[in-house]
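So you can see what is in the structure, the chains are spelled out below.
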Amino acid sequence: MNTQIKAVPCQACEVRGKCIFSDLEMCYLEEVSEAKNFNHYKKGSVIFHENNYPLGLYGVFQGKVKMYKTAETGKEHIIRLAKEGDVLGYRSLISGEKYEVSAMALEDCHVCFVPKNIFMETLRKSHNLTEKVMELLTSDLRLAEEKITDLAQKTVKERVAETILMLKQFYGLEKDGKTINVTLSREDLANLVGTATETLIRSLSEFKKNEVIDLKGKKILILNFKLLERIANNFD
Amino acid sequence: MKTALENLLSTQREEITLAPRDFLYQEGQAARYIYCLEEGTVFIFKKNTRGQNLWLNFSQPGQILGLIALKKTNYGHSAQALSPVKVLRLEVAKIRDLLHQDMQFRLQIMTELSRQISLNEDKGISLHNKTLRQRIARMFLELIRSLELPEYTENPTLPICCPFHELADFLGASPQKVDKTLEDLVNEGIIRKDEDRIRVLNRRAIEALA
């Protein structure tokens, strides 16, 4: 990735269409654009840490990010993934509480940072931003509830299949039309599924043996989409 | 001077009472109202793809229910009274107007939504971290707390009046496993099963387990 990318003013940013500032009134957008910083994070860098107070809002301009909680046991649980256009840490900013998750770059990333006072002031003034934040919160609530029902009822194999489908939906496929456009370590994938790494590897190997997927290093290729959907039990 | 919220509550308040097992709303139903829980405990659960109901949480007085209605057309879970319940019912359109008038109220609603998301995320983590025994203890403990059973109540009786196979659904486990775990807790003197009720005999042990 080119680490020399220059900050683009929000008004001219192509990624803005995917982010919560997409409908922001122009006068407020100019204020946000003037106040924001543009930072580069190397793969594996922590963008913010669990239990720290938020200083502002992070918006992914380019790259992929994982958001995770560390359990008492020290085990990491990936709560969600982020890509360009997604904002990070907005909930703690609104509630004024500490971050409940950490955010780490899964690959080299460019991230915009909007200081807390500017974001909160914009939220106070902008009807459109309020609508976007409410949309985001209600969607996150629904997703969190759905994840509980999945975790409680689906087998590990079903959850692995479902996670692969989610990754395809979220990050898309590479030009070959088969390879999922994200590189996750087996451990990260296990933490996303909510299982032990060994159990995950067993499921992946079984899928590979049955020609549902193929594995090239850390990349996953989907060979039989319909069968993967059936395994994920999405049609019950 | 009255705030916009106080104005709304003084003119639009509609109080509803529910008996135990009555539904406040059901999953999939058109989401037209938001509810402020004034008294009692509400049981929140969600159907999975196999039609089983899974326990999400217990709501306590002061909490707001059905917030998803602000942006979605249907409720994403069901809310059922566990004890006699009193709620304030507010039309979602009125709340939406208020969100744009009152910054403080907007932040309160957003904070409550954030809290509910965190609660569900934590529950998700506990599902792959905790054993069934721990999850049962957690459910009992949350129930004791949500029912506001006084701290000095050492041996609370829990109003789990559902058949035990239903309890298994709520916990996302098989009836056999739940039954075996409850039997273990009975044998260890931590709980007692009285027909359709569970009596906690050792609250501290439940707390330690949860």
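Just so it is clear, the model here is predicted, and its values are computed rather than measured.

A. Helix 3 (residues 116–125) of chain A, seen in detail. A:Phe119, A:Met120, A:Thr122 and A:Leu123 are the residues of helix 3 of chain A that are buried. Buried residues of helix 3 of chain A, seen end-on, are gathered within an arc of 160 degrees and therefore sit on one face of the element. Contacts made by the buried residues of helix 3 of chain A are with helix 1 (26–35), strand 3 (56–62), helix 2 (90–95), strand 8 (109–115) and helix 4 (127–153) of chain A together with helix 3 (103–129) of chain B.

B. Local environment of the domain arrangement of chain B. Residues and elements named next belong to chain B. Once the domains are mapped, chain B shows domain 1 (4–127) and domain 2 (130–209). Contact with domain 1, which involves 17 residues of that partner, is made by 17 residues of domain 2. For the pair domain 1 and domain 2, the summed buried area comes to about 1,500 Å², and 62% of that belongs to carbon and sulfur atoms. In this assembly, domain 1 and domain 2 are joined by one salt bridge. Here Lys 123 ties to Glu 142 by a salt bridge, and the two come within 3.3 Å at their closest N and O atoms. Viewed at the interface, domain 2 and domain 1 are joined by three residue pairs in polar contact (both at pLDDT 80 or more). Of all the secondary-structure elements, those providing two or more residues to the side of domain 1 that touches domain 2 are strand 4 (42–47), strand 5 (53–59) and helix 3. Counting residues per element, the side of domain 1 that touches domain 2 draws most heavily on strand 5, at five residues. Of the residues assigned to the side of domain 1 that touches domain 2, the class counts are eight nonpolar, seven polar and two charged.

C. Main features of the interface of chain B and chain A. Listed by partner, the interface residues are 41 residues for chain B and 39 residues for chain A. For the pair chain B and chain A, the summed buried surface comes to about 3,900 Å²; carbon and sulfur atoms form 63% of the total. On the surface where chain B and chain A come into contact, there are five salt bridges. Note that B:Asp122 is salt-bridged to A:Lys69, the shortest N-O span being 2.5 Å. Listed by contribution, the elements that provide at least two residues to the side of chain B that touches chain A are strand 4, strand 5, helix 2 (92–101) and helix 3 of chain B. Taken together, the residues of the side of chain B that touches chain A break down into 15 nonpolar, 16 polar and ten charged.

D. Molecular detail of the pattern of salt bridges. As enumerated under the stated definition, the model contains 29 salt bridges over all chains in all. When the shortest N-O distance is used, the salt bridge between B:Glu121 and A:Arg80 registers 2.7 Å. Highlighted residues: B:Glu121 in helix 3 and A:Arg80 in strand 5 (residues 76–82), drawn from two different chains. For B:Arg138, the salt bridge goes to B:Glu142, with nearest N and O atoms at 3.2 Å.

E. Looking closely at the domain arrangement of chain A. Residue and element names in this part refer to chain A. Domain assignment breaks chain A into domain 1 (10–151) and domain 2 (154–232). For domain 1 and domain 2, the distance between their C-alpha centroids amounts to 26 Å. Counting from both sides, the interface comprises 16 residues of domain 1 and, opposite them, 15 residues of domain 2. With both chains or domains summed, domain 1 and domain 2 bury close to 1,400 Å², and 52% of this area falls on carbon and sulfur atoms. Broken down residue by residue, the surface that domain 1 buries against domain 2 is led by Lys 64, Leu 81 and Asp 150, which jointly contribute 38%. At the boundary of domain 1 and domain 2, one finds one salt bridge. The salt bridge involving Asp 188 is made with Lys 66; its shortest N-O contact spans 2.7 Å. Where domain 1 touches domain 2, the interface holds six residue pairs in polar contact (both at pLDDT 80 or more). It is strand 5 that provides the largest number of residues to the side of domain 1 that touches domain 2, a total of five residues. Residue composition of the side of domain 1 that touches domain 2, grouped by class: six nonpolar, two polar and eight charged.

Criteria and cut-off values
Residues numbered from 1 in each chain as written. Chains lettered and ligands numbered in written order. Predicted model: local features only at pLDDT ≥ 70, side-chain atom pairs only at ≥ 80, totals over all residues. Heavy atoms only, no water. Buried < 20%, exposed > 50% of the residue type's maximum accessible area, 1.4 Å probe, protein only. Helix = DSSP H or I, 4+ residues; strand = E, 2+ residues; numbered from the N terminus. Arc of directions from axis to C-beta. Contact = heavy atoms within 4.5 Å. Domains from an automatic or database assignment. Buried area = accessible area lost by both parts, 1.4 Å probe. Salt bridge = Lys/Arg side-chain N within 4 Å of Asp/Glu carboxyl O. Polar contact = N/O pair within 3.5 Å; in protein donor to acceptor, adjacent residues only side chain to side chain. Nonpolar A, V, L, I, M, F, W, Y, C, P; charged D, E, K, R; others polar.

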